[in-house]
Amino acid sequence: MHYQKYKDGTQWRWRLRAANHEIISSGESYVHERDCDHAISLNKSSSNAPVHTQ
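Residues numbered from 1 in each chain as written. Predicted model: local features only at pLDDT ≥ 70, side-chain atom pairs only at ≥ 80, totals over all residues. Heavy atoms only, no water.

In this structure, what is going on with the overall build of the chain? I would like to understand it.
Counting secondary structure elements, the chain contains one helix and three strands. In terms of its C-alpha atoms, the chain occupies a principal-axis envelope of roughly 35 × 25 × 20 Å. Taken across its 54 residues, the chain has 20% of its residues classed as buried. Surface summary for the chain: the accessible area is close to 4,300 Å², and the carbon and sulfur share equals 48%. Where the 7 positive side-chain charges of the chain centre and where its 6 negative ones centre are 3 Å apart. (Helix = DSSP H or I, 4+ residues; strand = E, 2+ residues; numbered from the N terminus. Buried < 20%, exposed > 50% of the residue type's maximum accessible area, 1.4 Å probe, protein only. Areas by Shrake-Rupley, 256 points an atom, 1.4 Å probe, with all protein chains shown as cover. Lys, Arg positive; Asp, Glu negative; His and termini not counted. Charge placed at Lys NZ, Arg CZ, Asp CG, Glu CD.)

Listed below in structure tokens is the structure:
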């Protein structure tokens, strides 16, 4: 798996790709690249977060 950061017009976006290159997850668009980087960091750090069902 790897994160891919890219520019969509004037906005920054990210997506997480599996080993087979399929998109697993993606984020919203960000004006500033640093905000996109922060969102990737948050996503990485939540990998051990529990999943709750209702």
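From this point, the discussion proceeds with the structure in view.
Help me out: how do you make sense of the nonpolar core in this one?
As a rule of thumb, soluble globular proteins bury nonpolar side chains together. In terms of nonpolar packing, the biggest core is built from seven residues, these being Trp12, Trp14, Leu16, Tyr30, Cys36, Ala39 and Ile40. Of all the elements in the fold, those that place two or more residues in this core are β2 (11-17) and α1 (33-45). If we ignore the near neighbours within four places in the chain, the residues touching leucine 16 are Met1, His2, Tyr3, Glu22, Ile23, Ile24 and Ser25. (Core = buried A, V, L, I, M, F, W, Y, C linked by side-chain atoms within 4.5 Å. Contact = heavy atoms within 4.5 Å.)

Explanation requested: the pairing of strand β3 (residues 23-26) in the structure shown.
Looking along a regular strand, one sees the side chains alternate between the two faces of the sheet. Sheet topology places β2 next to β3; three bridges connect them, and they run antiparallel. Paired with arginine 17 across the bridge in β3 is isoleucine 23. As consecutive antiparallel partners, β2 and β3 are separated by five residues, and within that stretch histidine 21 has a phi angle of approximately 75 degrees, a positive value. (Pairing = 2+ DSSP bridges.)

Read these as geometric descriptors, not functional statements.
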